Amino acid sequence: MKKHSVPQAASLLLEKLLLLVHLRPLPAGSRGDPPPPAAAAASPGYYDTSCFKRGDLLEVPRTLFIHFGIYLGENRVAHLMPDILPALTSDRGQIQQVVTNKRLILGVITKTASIRVDTVEDFAYGGSILVNHMDRLFKDQLLGSEEAARRAEKLVGARAYSLLWNNCEHFVTYCRYGAPVSLQTDKFCATVKTIIRDQRSVLASVLVGLASIVCLAVADMHEENKAAANGCGKIRSGTQNEAALLALMEKTGYSMVQENGQRKFGGPPPGWEGPPPPRGCEVFVGKIPRDMYEDELVPVFERAGKIYEFRLMMEFSGENRGYAFVMYTTKEEAQLAIRILNNYEIRSGKFIGVCVSLDNCRLFIGAIPKEKKKEEILNEMKKVTEGVVDVIVYPNATDKTKNRGFAFVEYESHRAAAMARRRLIPGTFQLWGHTIQVDWADPEKEVDEETMQRVKVLYVRNLMISTTEDTIKAEFNKFKPGVVERVKKMRDYAFVHFFHREDAVAAMSVMNGRCIDGASIEVTLAKPVNKESTWRQHFNGQISPGSENILGFPHKEDGHQKSLGKPASLAVRLNGQHSPAPPEAERCTYPFFPGVKLTPISMYSLKSSHFSSAAMHLDYFCNKNNWAPPEYYLYSTTSQDGKTLLVYKVLIPSIADGTQNYFMPDKLCTTVEGAKELAAQFTLLHLAPEQAYISLLSLNAV
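Being a predicted model, the structure only gives us computed values, none of them experimental.

1. Details of the overall build of the protein
For the protein, the helix and strand inventory stands at 19 helices and 29 strands. By residue count, 49% of the 702 residues in the protein fall in the buried class. Considering only contacts in the protein between residues 6 or more positions apart, those separated by 24 or more positions represent 68%. When the accessible surface of the protein is totalled, it reaches about 33,400 Å², and 54% of it is carbon and sulfur.

2. Brief notes about a nonpolar patch on the surface
A cluster of nonpolar residues, Y633, Y635 and M664, forms a patch on the protein surface that exposes about 280 Å² of accessible area. Within the secondary structure, M664 sits in the loop between β29 (662–663) and α19 (672–687). M664 gets classed as partly exposed once you look at its relative accessible area, which sits at 36%.

3. Some details on the sheet that holds strand β9 (residues 282–286)
The strand order β7-β8-β10-β11-β9-β14 describes an open sheet built from six strands, whose pairing is antiparallel. A single partner strand is all that each edge strand has here, and the edge strands are β7 (256–259) and β14 (353–356). The mean angle between the axes of side-by-side strands here comes to 20 degrees, regardless of whether they run parallel or antiparallel. Direction of pairing for strand β8 (residues 262–266) relative to strand β10 (residues 307–314): antiparallel, over a ladder of five bridges. Among the inter-strand pairings, F265 is bridged to a residue of β10, identified as F310. Sitting on the sheet, helix α11 (residues 294–301) touches β7, β8, β9, β10, β11 (320–328) and β14, and the angle it makes with β10 is about 145 degrees. Lying on the sheet, helix α12 (residues 331–341) is in contact with β9, β11 and β14; it crosses β14 at an angle near 150 degrees.

4. Focus on the confidence of the model for the protein
For the protein, the mean per-residue pLDDT works out to 75, and 71% of the residues sit at or above 70. When pLDDT is averaged over each helix and strand of the protein, the minimum, 45, is found for helix α1 (residues 5–21) and the maximum, 93, for α11. Contacts of residues 689–702 to residues separated by more than four positions or lying in other chains number 77 contacts, the stretch itself having pLDDT below 50.

5. With respect to the packing of helix α6 (residues 145–155) against helix α7 (residues 168–177)
Between α6 and α7, whose axes approach to 7 Å, the crossing angle comes to 135 degrees. One finds that α6 runs oblique with respect to α7. The two elements α6 and α7 meet at a crossing, and its hand is right-handed. Contacts between α6 and α7 pair S145, E147, A148, R151, A152 and L155 from the former with F171, Y174, C175 and R176 from the latter. Class assignment for the residues of the contact of α6 with α7 results in six nonpolar, one polar and three charged.

6. Some details on the pattern of salt bridges
Scanning the entire structure with this criterion turns up 20 salt bridges. Residues E147 and R150 are paired through a salt bridge, measuring 2.8 Å at the closest nitrogen-oxygen approach. Taken as a pair, E147 and R150 lie in helix α6 at a separation of three residues, close to a single helical turn. Owing to a relative accessible area of 13%, E147 belongs among the buried residues under this scheme. Owing to a relative accessible area of 38%, R150 belongs among the partly exposed residues under this scheme. A salt bridge links E282 to R311, with the shortest nitrogen-to-oxygen separation between them at 3.0 Å. Remark: R311 occurs in strand β10 and E282 occurs in strand β9; sequence separation between them is 29 residues.

7. Examining the side chain of Q258
Mapping Q258 onto the fold places it in strand β7. Note on Q258: relative accessible area 6%, which makes it buried. If near-sequence neighbours (up to four positions away) are discounted, Q258 is found in contact with W165, P180, V181, R263 and M314.

8. A word on the packing of aromatic side chains
Applying the stated criterion across every chain, the model contains 18 aromatic pairs. Centroid distance Y323 to F325: 6.2 Å. Interplanar angle 90 degrees. Geometry classified as edge-to-face. F325 shares its class with Y323; the two are buried. Ring pairing ties together the aromatic residues F364, Y394, F406 and F408, which thus form one cluster. Looking at R151, its charged tip hangs above the ring of Y174, at a distance of 4.7 Å from the centre. Cation over ring: K676 sits above Y632, and NZ or CZ is 4.7 Å from the ring centre.

9. Some words on helix α13 (residues 374–384)
Buried residues of α13: I377, L378, E380, M381 and V384, and no others. Residues of α13 that are buried sit in contact with β15 (362–366), β16 (388–395), β17 (403–411), α14 (414–423) and β18 (430–431).

10. A short note on the environment of L106
In this fold, L106 is placed in helix α4 (residues 101–110). Judged by its relative accessible area of 35%, L106 is partly exposed.

11. So, the nonpolar core
With 59 residues, the main nonpolar core has F171, F301, F310 and Y328 as its most contacted residues. Top contributing element to this core by residue count: α7, with five residues. Excluding anything up to four places from it in sequence, F310 contacts R263, K264, F265, E294, L297, V298, F301, A324, F325 and V326.

12. Some thoughts on unusual backbone geometry
Cis geometry is adopted by the peptide bond preceding P268, which originates at G267 and carries an omega value of 5 degrees. In this structure, P268 sits in the loop between β8 and β9. Despite not being glycine, N132 has its phi angle at roughly 55 degrees, a positive value. Mapping N132 onto the fold places it in the loop between β5 (130–131) and α6.

Definitions and limits used
- Residues numbered from 1 in each chain as written.
- Predicted model: local features only at pLDDT ≥ 70, side-chain atom pairs only at ≥ 80, totals over all residues.
- Heavy atoms only, no water.
- Helix = DSSP H or I, 4+ residues; strand = E, 2+ residues; numbered from the N terminus.
- Buried < 20%, exposed > 50% of the residue type's maximum accessible area, 1.4 Å probe, protein only.
- Contact = heavy atoms within 4.5 Å.
- Areas by Shrake-Rupley, 256 points an atom, 1.4 Å probe, with all protein chains shown as cover.
- Patch = residues over 30% accessible without salt bridge, like charges linked within 9 Å, V, L, I, M, F, W, Y side chains within 5 Å.
- Salt bridge = Lys/Arg side-chain N within 4 Å of Asp/Glu carboxyl O.
- Pairing = 2+ DSSP bridges.
- Axes fitted to C-alpha atoms, helices over the stretch in contact; angles between N-to-C directions.
- pLDDT = per-residue confidence, 0-100.
- Parallel < 35°, antiparallel > 145°, perpendicular 65-115°, else oblique.
- Left-handed = near helix turned anticlockwise from the far one by under 90°.
- Nonpolar A, V, L, I, M, F, W, Y, C, P; charged D, E, K, R; others polar.
- Phe/Tyr/Trp six-rings, centres within 6.5 Å; stacked < 30°, edge-to-face > 60°.
- Lys NZ or Arg CZ within 6 Å of the ring centre and 35° of its normal.
- Core = buried A, V, L, I, M, F, W, Y, C linked by side-chain atoms within 4.5 Å.

Spelled out as structure tokens, the structure:
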């Protein structure tokens, strides 16, 4: 047995056996409420399923716990059951037989389970059934019944099991409410803390701890054998993970709750009084190894200061999603964390990225009818969601009486925006008879006041496509001749550079709202973008409007060899610094076990964060706006030294309103892949700078 197994036996004491020794039975309505009238009277062997609807959440109270399932219709229930058999055989006939107590207990010990479909009789096993008893607790997060059933059917098959993080209650709450939550686990953890601090339980703890050591040994052996069979190295078992997390909670006094796809440590910390820390105290942490958890991460981030809350994003499988949010008690601590922990080597060869996190209160709503006005969109969004503050609508480049087919909706808080996003699930919600697209918008880049005081460039929006740079320069020179240095126009917006800042500020106040070629323009100070920091690793991956120098190619002084058209061997940059990661993008791979159920899926049902290339982002962007896929046409020329140079022209057939529908960059590349990436980037930047994606591969161009 390993040396570290003895202290971890305390967790098994909590998880495996104290549940039986100390927890009081959970009766029907264990949350303090009487059973709802929707309870189905059960006589052993018969259940009236006529009152059940597809997607209903079914509860069966047991002596010590409540078992949960999702009704799929036709007397079928999907539920998660600990079961050793899926780890021993792929014979579906054997696995589908009713789970015996022996199979269940061994499944708990070895951390294996399956999401299976049984009859109502086999699921309930003679107990009474409660229907949708938890809806009143999660009424704001309730998904559609069909969506709940679809999620349950998609997850059927072998799964890892964890009493604390992945049990039958986590499964059903994920399916019906969108986030894995277990109220039984919360009650269990609260009881455990009481037991640990109760000196009268010491003797019982020691006795049961001996038995838990045996359980730990069995679990460790199982995990090691499984890792050896898969050709993997040393892997920390699920039991060891839970032991370490419980030890962290006991040591720090912080609470830990898993909900809405994230695990929250603290928030607030023990003894905290007053409101939460102000905006600017939270940092975003990326590139976290998928098998690393709070017991390793929290001590690292405590070096910068007192942690108010640590939120680790979690998969349903129990792995983390590779990123987290850490809120400190002061802004100074958050800034210190960025300075000392960005590019920190968290493990050998594994470097994390740390940057400022902003509360995003804005949603992108796509596929909106173009004839709708701002007031109509605002009123409609207020009807279907709560907390709407404003709606930002951009006029069409050629017909200013129409919108561009999308809008940005501003909410009073991040929570309000998150709840609205959950409400407006793509594919299930319509506005004016149209199926809309919903995603997070990129939060506006915050630039410090000192930097903004040096800005002498204006961002001009809502220009006509036909308006030229010379016209813009002439109009801005009217109030004071000779003050404009140059103008750079792209589609229906432009950047106007001034020789002196005071002239730029004066021109902004004079020209904002003026008409140029019949279009009422909007003028603001341009927000500078550091070329070193534009390639950010973030889920939204969009470009903020009003930012010039959007694409920053490496300079010679960056220390990277200049090569024509070759994708740069640059790691993703966070906070403007290079990560000393391997040149190639890191790919997360997982073992593919025989018998794992595969489900056909469309790439357009994924999120933009699943794509890493500009070409894929452009394809996704066109689909999001109900356009036909982009068409690529390859051209070549020969350089002075005899090299073949390539460039793509991109055609968007669906843009048929008289505006430009083809795009070709002014750079040439030596590889087909490089030319296609560059063309896709160029097209995205010209189509809609407000939503163009920047989480793309940077290209070295000539």
